[in-house]
Amino acid sequence: MDINLLYWKNEGKTFLSRLRLWFNILDPSSLLCSDVILISLFLQSSVHAGTGAILPAVFRPQGTWLINILFIFLQVVASFLPHSGVKPALFWQFLLQSYSAGFNHANRNASSDKGIKTSLKQGLLIVGSVAYATCAGAIPQIVIQRLSMSSPAVQMFFRSVLPIPLSASLAYFNVVIVRSEESENGIQVFDSNGNSVGISQAAGAKAVRETALSRAALLGTTAAVPNLLIFLLQKARFLQRSPLLVAPIRHISTAIVLGLMIPVSFSLYPQLGTIKKEKLEKELETAAVSGELFYHRGL
């Protein structure tokens, strides 16, 4: 078992311990610290844990490059803002969904990849999921524009309420489709000593489900908090006197919530997941000596 996964096994048992680790890993100044293991985790987060391949710079979890941070923030902020037309909504949703699909695919568990045929199938699924999620994400704007919704209550519902469950659902959908190979083909599972026991579809489905839920929490919360904040501040005197402040407040709050939710969502489930042998396939259940096995969840 990789030394970094062993570190996650020992130090990432609780949500708070994982949150502390992710805050440190995502902080570029961690490279200046003297903790050798932490520096190793920071550097290894640039490498795929399963294949050893170097991850593309824009799909690495740590924010070493300011331009990448700004690029991600710009996509998310712009995707959650009210738009003047359907085309801008589709454009920003396409960027967001494309980036999400690329990140999910780059950080998947690739322990059971089966070559070109599987890659072609997965490529088609990625393209289809991006196209579907782009159109679905722009539904609120499409409804308002095409059906000429003029009622303030209806516009508020489609602009501020519907995007919250929609964003969470599309984030969940993106992970499930992009990483569907893990559920179908299975992922590698290990015993407590790091020895490979086999390939498990049950572990693959669990890893995908956990990651999908964490990504839904990330984008769902990022959509919900700024809208709730604006709703609560609408009756404030300073906002009534200066309605132009609504847009900056929405921009800034969305960026802040996203920045905070990234390490929180990464910490919701252990990086090194566990599964009880009773939930494994029969052949793996008999091969498992201990009561549970381990697997790399991906990100």
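Just so it is clear, the model here is predicted, and its values are computed rather than measured.

Participant: Teacher, can you tell me more about the packing of helix α8 (residues 152-161) against helix α9 (residues 163-178) here?
Facilitator: Pairs of packed helices are described in terms of their axes, by the angle between the two and the distance that separates them. Relative to each other, α8 and α9 sit at 30 degrees, their axes nearing to 6 Å. On the basis of the axis angle, α8 is roughly parallel to α9. Contact residues: Phe157, Phe158, Arg159, Ser160 and Val161 in α8; Pro163, Ile164 and Pro165 in α9. The residue inventory of the contact of α8 with α9, partitioned by class, reads 6 nonpolar, 1 polar and 1 charged.

Participant: Quick question: what am I supposed to make of the nonpolar core here?
Facilitator: Grouped burial of nonpolar side chains is what soluble globular proteins tend to show. Core analysis: the biggest nonpolar cluster contains 10 residues, these being Ile187, Val189, Ala203, Ala207, Ile275, Leu280, Leu284, Ala288, Leu293 and Tyr295. Taken together, the elements giving at least two residues each to this core come down to β1 (187-190), α11 (201-233) and β4 (292-296). If near-sequence neighbours (up to four positions away) are discounted, Ala288 is found in contact with Lys277 and Leu293. Of all hydrophobic cores here, the second largest spans 9 residues; its members include Phe59, Tyr99, Phe266 and Leu299.

Participant: Looking at this structure, how should I read the pairing of β1?
Facilitator: As judged from the 4 bridges shared by β1 and strand β2 (residues 196-200), these two strands associate in the antiparallel manner. Across the sheet, residue Gln188 finds its bridge partner in β2, namely Ile199. Once β1 ends, the chain turns through 5 residues before running back antiparallel as β2, passing Gly194 with a positive phi of about 85 degrees.

Participant: Sorry if this is basic, but what is going on with the pattern of salt bridges here?
Facilitator: Between side chains of opposite charge, a pair can form as their charged atoms come close. Tallied over the full model, the rule gives 3 salt bridges. The salt bridge involving Lys121 is made with Glu184; its shortest N-O contact spans 2.8 Å. With Lys121 in helix α6 (residues 116-137) and Glu184 in helix α10 (residues 180-185), the pair connects residues that are 63 residues apart, well separated along the chain.

Participant: What is the right way to read the side chain of Asn104 from this model?
Facilitator: The topology assignment puts Asn104 in helix α5 (residues 86-106). Residue class for Asn104 comes out buried when judged on its relative accessible area of 1%. Setting aside chain neighbours within four positions, we find Asn104 in contact with Asn174, Val175, Val178, Arg179 and Arg215.

Each value, and the rule that gives it
Residues numbered from 1 in each chain as written. Predicted model: local features only at pLDDT ≥ 70, side-chain atom pairs only at ≥ 80, totals over all residues. Heavy atoms only, no water. Axes fitted to C-alpha atoms, helices over the stretch in contact; angles between N-to-C directions. Helix = DSSP H or I, 4+ residues; strand = E, 2+ residues; numbered from the N terminus. Parallel < 35°, antiparallel > 145°, perpendicular 65-115°, else oblique. Contact = heavy atoms within 4.5 Å. Nonpolar A, V, L, I, M, F, W, Y, C, P; charged D, E, K, R; others polar. Core = buried A, V, L, I, M, F, W, Y, C linked by side-chain atoms within 4.5 Å. Buried < 20%, exposed > 50% of the residue type's maximum accessible area, 1.4 Å probe, protein only. Pairing = 2+ DSSP bridges. Salt bridge = Lys/Arg side-chain N within 4 Å of Asp/Glu carboxyl O.

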